[in-house]
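Below, each chain spelled out in residue letters.
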Amino acid sequence: MCALARVRGSEVGYDDIGVGLPVVLLHGFPFDRSMWREQAEALGESYRIITPDLRGFGESTLGDGGATMEEMASDVAALLEHLGVERAVVGGLSMGGYVTLAFYRLFPTRVAALLLADTRPQADDEDGKRAREETARLALHEGMEPIFSAMLPKLLTPAHVEQDPTLVARVRSMVINARPEAAAAALRGMALRRDQRDLLPLINVPTLIVVGAGDQLTPPSEAQLMGEKIVGSRLQVIDGAAHLSNLERPAEFNSAFLSFLEDYCRQT
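The notes below deal with the structure included here. (Residues numbered from 1 in each chain as written. Predicted model: local features only at pLDDT ≥ 70, side-chain atom pairs only at ≥ 80, totals over all residues. Heavy atoms only, no water.)

**Concerning the overall build of the protein chain**
We count it as follows: Secondary structure is summarised from DSSP: a helix means a run of H or I of at least four residues, a strand means a run of E of at least two, and numbering begins at the N terminus for each. The atom set for the radius of gyration is the C-alpha atoms, and the globule formula is 2.2 Å times the number of residues raised to the power 0.38. Working definition: with a 1.4 Å probe on protein chains only, accessible area under 20% of the residue-type maximum means buried, over 50% means exposed, and in between means partly exposed. Using a 1.4 Å probe, accessible areas were evaluated by the Shrake-Rupley method; residue-level cover was limited to the displayed protein chains. For this count, His and the chain ends are skipped, Lys and Arg are scored as positive, and Asp and Glu as negative. To locate a charge, take atom NZ for lysine, CZ for arginine, CG for aspartate or CD for glutamate.
Looking only at helices and strands, the protein chain has 11 helices and 8 strands in total. Whereas a compact globule of 268 residues would reach a radius of gyration of roughly 18 Å, the protein chain reaches 17 Å, a difference of no more than 12%. By principal-axis analysis of the C-alpha atoms, the protein chain measures approximately 50 × 40 × 35 Å. Looking at the protein chain as a whole, 55% of its 268 residues qualify as buried. Accessible area of the protein chain: about 11200 Å², with a carbon and sulfur share of 51%. Mean positive and mean negative side-chain charge positions of the protein chain (26 and 37 charges, respectively) differ by 4 Å.

Structure (structure tokens):
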């Protein structure tokens, strides 16, 4: 079901398909909920898959409260209340992973399990913050096309860039259709995010960490360090994928996630 919900003074677009254990998937920057299409199709036969557009992206409005990771996490919590979902598996990729960690810090009792895909717990250093601000200004002044051109080599492996024009076109469509003001707000929100490394040892729910073997933005070494801090977590490195592992290798991503969810359901 595709729908709009008014929560916290803003409109939130979302898809809600399937029945069973609720699974919330949060998209990366500067994408929208459609990036989870393959996962929703694969998992929707056994689970309830809820994929919202984060603040300002897709069908969701930007609102007045800025686009910090905490504001986005609070939007997700309000959407779950609207849907009558008390507790869910919560997962995200890249920026969606930042929001997922913020959600766990704010609402730990509402999290049944976690998926952290191609993301990291560290805050930006000063160089990273300056780069975010430069990119925000570029989006506002020149639109999203130069953002796509700059990001593409880091989002997909060279093989996919060269050999999969359909995937490249899909990624480009999501990026250039993002509203520049939403992209700028999210970039500034990411620059302000807190360092979550102190949170990792406190996570006490089953956690799956997924990373593309060729991810330059959040490399496997960082995923491994994150896994070492989260007791009992599971790490899956996906060969032939870069930052958008769920899009480049959906079969492998889905297999790892389904196995994790099946194990979770058996143990609860």
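**Some thoughts on the pattern of salt bridges**
Stated formally: We define a salt bridge as a contact between a side-chain nitrogen of Lys or Arg and a carboxyl oxygen of Asp or Glu at a distance within 4 Å.
Considering all chains together, one arrives at 24 salt bridges under this definition. Its salt-bridge partner being Glu38, residue Arg37 comes within 3.6 Å of it at the nearest N-O pair. Note on Arg37: relative accessible area 43%, which makes it partly exposed. The residue Asp127 makes a salt bridge to Arg130 at a minimum N-O spacing of 2.2 Å. Placement of the pair is Asp127 and Arg130 together in helix H4 (residues 126–142), with a separation of 3 residues, close to one helical turn. On the basis of relative accessibility, which here comes to 46%, the residue Arg130 falls in the partly exposed class. It is possible to trace a salt-bridge network through shared partners that takes in Arg8, Arg55, Glu71 and Asp75.

**Notes on the pairing of strand S8 (residues 234–238)**
How we decide: Here the rule is simple: two strands pair whenever DSSP picks up at least two bridges between them. With the strands pointing away from the viewer, any crossover whose connection runs clockwise from the first strand over the helix to the second is right-handed.
Relative to S8, strand S7 (residues 207–212) runs parallel, the two being bridged by 5 bridges. What sits directly across from Leu208, in S8, is Arg234. What joins S7 to S8 is helix H9 (residues 220–229), and the crossover it makes is right-handed.

**A short note on the packing of helix H2 (residues 69–83) against helix H3 (residues 95–106)**
A pair of packed helices is captured by two measures, namely the crossing angle of their axes and the spacing between those axes. We apply this condition: Only the stretch in contact is used when fitting a helix axis, every axis being a line fitted to C-alpha atoms; angles between N-to-C directions are given from 0 to 180 degrees. For classification purposes, angles smaller than 35 degrees are called roughly parallel, those larger than 145 roughly antiparallel, those between 65 and 115 roughly perpendicular, and all remaining angles oblique. Throughout, a residue-residue contact means that at least one pair of heavy atoms, one from each residue, lies within 4.5 Å. Any residue outside Ala, Val, Leu, Ile, Met, Phe, Trp, Tyr, Cys, Pro, Asp, Glu, Lys and Arg is labelled polar, Gly included; the first ten of those are nonpolar and the last four are charged.
Where H2 contacts H3, the axes come no closer than 8 Å and their chain directions differ by 70 degrees. With respect to their mutual orientation, H2 and H3 come out roughly perpendicular. Counted together, Met69, Glu70, Met72, Ala73, Ser74, Val76, Ala77 and Leu80 of H2 and Met95, Tyr98, Val99, Ala102, Phe103 and Leu106 of H3 form the full contact between these two elements. Across the contact of H2 with H3, the residue classes break down as 12 nonpolar, 1 polar and 1 charged.

**What to know about unusual backbone geometry**
Cis geometry marks the peptide bond from Phe29 to Pro30; its omega dihedral reads -5 degrees. Residue placement: Pro30 occurs in the loop between strand S3 (22–26) and helix H1 (37–43). Backbone geometry at Arg8 places phi at a positive 55 degrees, although glycine is not the residue there. Within the secondary structure layout, Arg8 lies in the loop between strand S1 (2–7) and strand S2 (10–17). On the basis of relative accessibility, which here comes to 42%, the residue Arg8 falls in the partly exposed class. Positive phi outside glycine occurs at Ser94, with the angle close to 60 degrees.

**Digging into the environment of Pro158**
Residue position: Pro158 is located in helix H6 (residues 158–163). Spatially, the C-alpha atom of Pro158 lies 9.0 Å from that of Ala242, the residues being 84 residues apart in sequence.

**Observations concerning the side chain of Ser60**
Definition in use: Polar contact is defined as a pair of N or O atoms within 3.5 Å, subject to the rule that within protein one atom must be able to donate a hydrogen and the other to accept it, and that residues adjacent in sequence are counted only when both atoms are side-chain atoms.
Considering the arrangement of structural elements, one finds Ser60 in the loop between strand S4 (48–52) and H2. What makes Ser60 buried here is its relative accessible area of 2%. Only 2.6 Å separates the side chain of Ser60 from the backbone oxygen of Asp53, close enough to count as a polar contact. Setting aside anything within four residues of it in sequence, one finds Ser60 in contact with Glu11, Val12, Gly13, Asp53, Leu54, Arg55 and Arg179.

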